[in-house]
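Here's the letter readout for the chains.
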Amino acid sequence: MRRKPSQKPEPVIDEEIRAKARLAMQPDSFHRPTRCVICDSPSAPNSLEGLCWVCRRLKISAWRDSDSQAASQE
């Protein structure tokens, strides 16, 4: 015996969630690279502050210098 063709099944996943997932799966090639807030060069991909790799290294070095000066003053 053949099955009767069922009506259009209800979607399991909300259409809005599916649309967001499709966008997330697309390659990042069309995204504009963010610019460094200090020198306006392309920012490092792992920088959450929006800094390029040079400015990021300078910031880390400045933190280390200020920490060592604070320790020596105590």
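So, here's what we can say about the structure. Please read all numbers here as calculations on a predicted model, not as lab measurements.

What counts and how
- Residues numbered from 1 in each chain as written.
- Predicted model: local features only at pLDDT ≥ 70, side-chain atom pairs only at ≥ 80, totals over all residues.
- Heavy atoms only, no water.
- Helix = DSSP H or I, 4+ residues; strand = E, 2+ residues; numbered from the N terminus.
- Buried < 20%, exposed > 50% of the residue type's maximum accessible area, 1.4 Å probe, protein only.
- Areas by Shrake-Rupley, 256 points an atom, 1.4 Å probe, with all protein chains shown as cover.
- Polar contact = N/O pair within 3.5 Å; in protein donor to acceptor, adjacent residues only side chain to side chain.
- Contact = heavy atoms within 4.5 Å.
- Patch = residues over 30% accessible without salt bridge, like charges linked within 9 Å, V, L, I, M, F, W, Y side chains within 5 Å.
- Salt bridge = Lys/Arg side-chain N within 4 Å of Asp/Glu carboxyl O.

**With respect to the overall build of the protein chain**
Now for step 1: Tallying secondary structure elements over the protein chain gives 2 helices and 0 strands in all.
Now for step 2: Here the protein chain holds 74 residues, and the buried ones make up 11% of them.
Now for step 3: Accessible area for the protein chain stands at about 7,500 Å²; split by element, carbon and sulfur atoms hold 57% of it.

**Brief notes about the side chain of Ser 43**
Now for step 1: With respect to the element layout, Ser 43 can be found in the loop between helix 1 (15-25) and helix 2 (53-73).
Now for step 2: The class for Ser 43 is buried, based on a relative accessible area of 15%.
Now for step 3: Engagement of the side chain of Ser 43 in a polar contact is seen with the side chain of Thr 34, the distance being 2.3 Å.
Now for step 4: If near-sequence neighbours (up to four positions away) are discounted, Ser 43 is found in contact with Thr 34, Arg 35, Cys 36, Gly 50, Leu 51 and Cys 52.

**A closer look at a nonpolar patch on the surface**
Now for step 1: On the surface, a cluster of nonpolar side chains totalling about 340 Å² of accessible area is made up of Val 12, Ile 13 and Ile 17.
Now for step 2: Structurally, Ile 13 can be placed in the segment before helix 1.
Now for step 3: With a relative accessible area of 47%, Ile 13 lands in the partly exposed category.

**Quick word on unusual backbone geometry**
Now for step 1: In this structure, Asp 40 takes a positive phi of about 65° despite not being glycine.
Now for step 2: For Asp 40, the position within the fold is in the loop between helix 1 and helix 2.

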